[in-house]
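Single-letter residue listing:
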Amino acid sequence: KSADEYLATVAQKARVDRRGFDTTWSLVKIAMTSYSDSGQRQYPNVYQRGALVAGLLDIRLLELSSGAHGLRDLIADLGRTYGKRRAFPDDSLFDIIISRTSPQLRDFFDRYVSGSEHLPLREYYEKLGIRLTEDANGLPTRLDLDPDASPVQLRLRAAWLGKNGRAPKPGSAPPNGA
């Protein structure tokens, strides 16, 4: 995917999340109630909000590591420890991730995974020199690369785009460590 294609998908997923689902449900609540009728109605949002949160987590990881380690690196690290035959303990996954990355991620998980705070798309994508445009109702309409991005934003954007210069698939991380 090109950066433009990826960013169009992010804006579309954000609109679907906000218009099509109850945004007071956290990702944890959706997962824990997926077997119930009410949880089943919200479960498809895992593919919208879940992808958005994964993208934000990647940006935050890259920011905290000065571009050295993103979500793909974290997933590879967890795969080396746990892999196919050894599951991680569900009740301590966030603690495991925080211990391997940064204590500053606790707030991220509390707010956007366990909690249901409005996702800070504008704030996070601005870190990459990407501008968010919203409609009159505050729904994202598009994300665009800012041609006047600062050197700091451009460095973080380069790390986010990875070695091949292509944007990640929504819900995945760019191939920055692959």
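The model shown is predicted, which means the values in this text are computed figures rather than measured ones.

Visitor: Quick question: what am I supposed to make of the overall build of the protein here?
Guide: On a plain count of helices and strands, the protein comes out with 9 helices and 2 strands. For the protein, the C-alpha radius of gyration of 16 Å lies close to 16 Å, the compact-globule estimate for 178 residues. Counting across all 178 residues of the protein, residues that qualify as buried make up 46%. Intrachain contacts of the protein at a sequence separation of at least 6 include 56% that bridge at least 24 residues. Within the structure as shown, the protein displays about 9600 Å² of accessible surface, and the carbon and sulfur contribution to it stands at 50%.

Visitor: I'm lost on the pattern of salt bridges in this one. Help?
Guide: When charged atoms on two side chains of opposite charge get close, those side chains can pair. Enumeration over the complete set of coordinates arrives at 10 salt bridges. Residue R80 is joined to D77 by a salt bridge in which the shortest nitrogen-to-oxygen separation is 4.0 Å. One end of the pair, R80, and the other, D77, are both in helix α5 (residues 71–81), 3 residues apart, so they sit about a helical turn from each other. Under the relative-accessibility criterion, R80 is labelled exposed at 63%.

Visitor: Would you explain the pairing of strand β1 (residues 130–134) in this entry?
Guide: The two faces of a sheet get side chains in turn, since along a regular strand they alternate between them. Sheet topology places β1 next to strand β2 (residues 140–145); 5 bridges connect them, and they run antiparallel. Each bridged residue has a counterpart across the sheet, and for T133 the counterpart in β2 is R142. Between β1 and β2, which pair antiparallel one after the other, the connecting turn spans 5 residues, and G138 there sits at a positive phi close to 80 degrees.

Visitor: I tried to follow the packing of aromatic side chains on my own but got confused; where do I start?
Guide: Summed over the entire model, instances satisfying the criterion amount to 8 aromatic pairs. Centre to centre, the rings of F108 and Y112 are 5.3 Å apart; their planes meet at 70 degrees, and the pair counts as edge-to-face. One end of the pair, F108, and the other, Y112, are both in helix α7 (residues 105–112), 4 residues apart, so they sit about a helical turn from each other. Take F108 and Y112: they sit in the same class, and that class is buried.

Visitor: Looking at this structure, I do not really get the environment of D110. What am I missing?
Guide: Structurally, the position occupied by D110 is in helix α7. Residues D110 and T133, spaced 23 residues apart in sequence, show a C-alpha to C-alpha distance of 27 Å.

Visitor: So what exactly am I meant to see when it comes to unusual backbone geometry here?
Guide: Phi at S66 takes a positive value of approximately 55 degrees, unusual for a residue other than glycine. Look at S66 and you get exposed, because its relative accessible area is 71%.

Visitor: Before we go on, may I ask you to explain the side chain of T33 in this structure?
Guide: Assignment of secondary structure puts T33 in the loop between α2 (27–32) and α3 (37–42). Setting aside chain neighbours within four positions, we find T33 in contact with W25, G39 and Q40.

Visitor: Looking at this structure, how should I read the confidence of the model for the protein?
Guide: Any residue range with low pLDDT should be treated as having predicted coordinates unsuitable for detailed reading. With 91% of its residues at a pLDDT of 70 or more, the protein has an overall mean of 90. Low pLDDT, under 50, characterises residues 173–178; the stretch is placed with 26 contacts to residues that sit more than four places away or in other chains.

Visitor: I'm lost on the environment of I75 in this one. Help?
Guide: Within the secondary structure, I75 is located in helix α5. Classification of I75 by relative accessible area gives exposed; the value is 52%. Taking the C-alpha atoms as reference, I75 lies 25 Å from Q12; in sequence the two are 63 residues apart.

Visitor: It is not clear to me how the packing of helix α4 (residues 49–64) against helix α9 (residues 151–161) should be interpreted in this structure. Could you clarify?
Guide: Between α4 and α9, the least distance of the axes is 10 Å, while the angle of their chain directions is 125 degrees. Taken together, α4 and α9 sit at an angle that is classed as oblique. Considering how the two elements wind past one another, α4 and α9 form a crossing that is right-handed. Across the interface between the two elements, D58, I59, L62 and E63 of α4 pack against L156, A159 and W160 of α9.

Basis of the calculations
- Residues numbered from 1 in each chain as written.
- Predicted model: local features only at pLDDT ≥ 70, side-chain atom pairs only at ≥ 80, totals over all residues.
- Heavy atoms only, no water.
- Helix = DSSP H or I, 4+ residues; strand = E, 2+ residues; numbered from the N terminus.
- Rg over C-alpha atoms; globule rule 2.2 N^0.38 Å.
- Buried < 20%, exposed > 50% of the residue type's maximum accessible area, 1.4 Å probe, protein only.
- Contact = heavy atoms within 4.5 Å.
- Areas by Shrake-Rupley, 256 points an atom, 1.4 Å probe, with all protein chains shown as cover.
- Salt bridge = Lys/Arg side-chain N within 4 Å of Asp/Glu carboxyl O.
- Pairing = 2+ DSSP bridges.
- Phe/Tyr/Trp six-rings, centres within 6.5 Å; stacked < 30°, edge-to-face > 60°.
- pLDDT = per-residue confidence, 0-100.
- Axes fitted to C-alpha atoms, helices over the stretch in contact; angles between N-to-C directions.
- Parallel < 35°, antiparallel > 145°, perpendicular 65-115°, else oblique.
- Left-handed = near helix turned anticlockwise from the far one by under 90°.

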